[in-house]
Structures are given as structure tokens and as C-alpha cells.
Amino acid sequence: MNDDATDSDATDRMLLQRMAAGDRVALGVLYRSYHGRLCRFLTRLTRRADVIEEVINDCFWIAWQKAGTFHGDSRVSTWLMGIAYRCGLKALRQHGDEPVEDDPRHEERSATHDLDEDRELRDWLGKGLERLSVDQRVVIELVYGVGHTLDDVAVIMQCPVGTVKARLFHARVKLRNVLPTLAGDSPKRTENAP
Amino acid sequence: MTFPMDSGKDCVHAWEMMPWVMQGSATQEQGAWLESHLAQCESCRAEFAQQSRLRLALSLPADVPVNADVGLGRLLARLDTADAPEARPRSRPPSWLSRALVAAVLVQALGIGVLGVKLWSMGGGNPAYRTLSQETLPAAPGAIRVVPDASMTLADWSALLHALRLQVVSGPNDVGAYTVAPASSASTAQHALQQLRTTRGILLAEPVAVTP
């Protein structure tokens, strides 16, 4: 863990302690600080904004109830991500994991806010992630997107490190074989690469 | 899976290390080793560039609009709703009405208890009714079963009972038998029995066997 991550975790722990004492301001601070990364994480599971908000609120509802029982066995971010992952899977079971049609407003927003380059990058990533299973998408997001270690991901997904390694390996191999094609590159390179 | 198993050992090692070097969790030595490998391996360089692009794409903010303020507002409202039923009983002391109701219930319970004890002490020995399955009541001590002649007048019968200080406790039954018993402790059953047997108009006078 680098210094920034250590500082950030100390702040998160302090917020959790205040939450355990019933401090709603601390809840608001933690909520806002994690909202962005949880949103992005959950978009790997579903495209429905209402479900994403529901999962985030379920996650913080649990965090509010259990703030006093957090013993610091892991970083707060790992703990919260684990709760969000389980709430997300539950929501998928309830709502189905079919990515529903995007909200038209969201299309407009993306079009106006995203640079062309970003939009192209998103499309490229989206098409690649479509080829992965839910668990593979989650591992890719946690490692590349959030920056968690294998041990962290094992805690979040409540599975052995070996399982995480296997999911990451298979996800990377799949992406390695499809992403160059999706970007219009020659797939020839994948045959020569490791 | 098309991962090439015939790749060089260094390339496989480099491939495994890439995500950790990119996210900064690898050691400095590992980072330096990868850098030196990439400098001499074109295919790993291309792969690293691809991985970096993947990481860049994954670090873009979510493109599904979810408003944090609205979400937080809903969460706080949910907490309010959940807190409300718990907070109310804690914050409000019991009203006088609740106390009065509790007192009334206690008084009722006490009254029922006293009544029960009183009824029990009365023995319940002589209920005002008999059921068909009940045995016949035990005869009073000194009871005598008497069958007067049918021709005996009521006045004679009454006079006889009065003279012997007897009173009818049951009867007449189907065969015209009465059960009589001494009206007071002063009169003895034995004396009355002898008098009855000697009286004209009395067909039968037998002591009732008292069951133990």
C-alpha cells in the first residue's frame, strides 16, 4: 500500500468510526468519496442507473449498520467493494443480468461530454468486456480500474487467490485476442506475443 | 484459449507482471526488470501498450448517469424511515393511560385469584346440579329407607315423622320409598328405626348402608 492509500484508508476508518456513533455527515462524506468508483464498478454488472443507485444505497445501508463491527482486517475500500459486489450480484439475480437498453438521456450526455477519443475508447472496452463473464469483468475492473491486488480481490469476491488468478488470466487472454481486432489492428500480433 | 505456450519464459513472466507494474503494486526491481525486457521485446511492448490502453479505458468515469446527491438523499430518507419506529418508544415515557391499564389488569388478576380461592375453599361439594354420569349422592349418616303403606294418609305420615324427629331427604322413588334422616342430632337413628318398624302402615324400614 503506498502512502496515499494509507492516508486515504486512515481517513476512511475515521469516517467509519464516526458513522458507528451515528454521524450522518461522516456517512455523506464516505458516500460521495466512493460514489464514482462504485458507479463505475457496477456499470460492469449492469447498465441500469436505477439498479446502480439501489446497489450503492444497499451497500452504504449495510456499511451504516455494520460500521461498528469493522475490525480493520482489510482496507475500508476493500470492505466496501466486497459489500457492493455482493449487493450487485443480488441485484443481478433480482433484476436479471441482461444489460437493459441505455437511457436516451445517457446517450445524449455521453455524446456531449465525452471527447471523441474517450467515446472510441469506451466502445472498444465495451465490446471487449461483452466477451467476458460477470466474474471476469469484475476481476478486470478491480485490478485495472480500481487498482486492487490479487489478495484484495480474493477478499472482495470471497474466493481463493488461485481462483482470482485463474479468472484474471482467462479474462486477459480473451481480451488480448479480441481487443486488437476491435481496434482495427492486425490480429497477427497476438500470435507472436507471449 | 489462444495464449501461446511456446512464448519465451521471460515474455510469460513479463505478461504476468504487467498489471501490477502498471498499478504500482510491483516492487521497484520488478518494474525495472520489466522495463529492460520491454526495451528488447517488441511483442511485449505492443502487449504493454494494449494493457495500458485497457487500463486507461477502465479508468474513465462511469458513463451511466447516477446522481450522488439524489442517491444520498434517498439513503438518508431510508435511514429516517428505519429509525422512526425504534426511536419513538425510546424517546417517549409510558403515558398515564398505559400505567392505568396495567394497574387495571393487575387488579383484575388479583380479584380473579381471590375469587378462585374462595370458591375452592367452599368445597364445591354440593353443586346445584348433577350429571348423568355422576354417582348418587352418599346417604346422610343414620338415613333410613322407609316404605309407607299406600293407604297411609299424608297427615299420619307427617305426624309420624314429626314424632320421631325425622325428615325426608329424598323420595318417594319409583316404588314409593322415602329416605328419611334424623332432623337433629338429639334423635338417634337406631331408636327411630325401631319405632318405624313397630308402626302400623310402615311396610319397610331399613337403614341405608353408608358407603365408606
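As a reminder, the structure under discussion sits directly above these lines.
What you see is a predicted model, and the numbers here were worked out from it, not measured in a lab. (Residues numbered from 1 in each chain as written. Chains lettered and ligands numbered in written order. Predicted model: local features only at pLDDT ≥ 70, side-chain atom pairs only at ≥ 80, totals over all residues.)

Re the overall build of chain A
Move 1: Helix and strand counts for chain A come out as 10 helices and zero strands.
Move 2: Helices and strands appear in chain A in the N-to-C order α-α-α-α-α-α-α-α-α-α.
Move 3: Of all 194 residues assigned to chain A, the portion counted as buried reaches 41%.
Move 4: Considering only intrachain contacts with a sequence separation of at least 6, the fraction spanning at least 24 residues in chain A is 66%. (Helix = DSSP H or I, 4+ residues; strand = E, 2+ residues; numbered from the N terminus. Buried ≥ 20, exposed ≤ 12 C-beta atoms within 10 Å, placed from the backbone. Contact = placed C-beta atoms within 7 Å.)

Brief notes about helix α3 (residues 49–66) of chain A
The periodicity of an α-helix, 3.6 residues per turn, causes residues three or four positions apart to be oriented the same way.
Move 1: Taking 1.5 Å as the rise per residue, α3(A) with 18 residues should run 26 Å; its terminal C-alpha atoms sit 26 Å apart, in good agreement.
Move 2: Restricting attention to buried positions, one finds in α3(A) the residues A49(A), V51(A), I52(A), E53(A), E54(A), V55(A), I56(A), C59(A), F60(A), A63(A) and W64(A). (Expected span 1.5 Å × (residues − 1).)

Here we look at unusual backbone geometry
Residue and element names in this part refer to chain B.
Move 1: Cis geometry marks the peptide bond from G171 to P172, where omega comes out at 0°.
Move 2: Topologically, P172 is positioned in the loop between β2 (166–170) and β3 (178–182).
Move 3: Positive phi values are uncommon outside glycine, yet R165 reaches one of about 55°.
Move 4: Along the polypeptide, R165 turns up in the loop between α6 (154–163) and β2.

Section: the interface of chain A and chain B
Move 1: Every contact between the two is made by 46 residues of chain A and, on the other side, 39 residues of chain B.
Move 2: Of all elements in the fold, only α2 (24–43), α3, α5 (104–113), α6 (116–129), α7 (134–146), α9 (161–182) and α10 (188–192) of chain A reach the threshold of two or more residues within the side of chain A that touches chain B.
Move 3: A per-element tally of the side of chain A that touches chain B places α2(A) first, with nine residues.
Move 4: Taken together, the residues that form the side of chain A that touches chain B break down as 19 nonpolar, 15 polar and 12 charged. (Nonpolar A, V, L, I, M, F, W, Y, C, P; charged D, E, K, R; others polar.)

Read these as layout, nothing more, since geometry by itself doesn't imply function.
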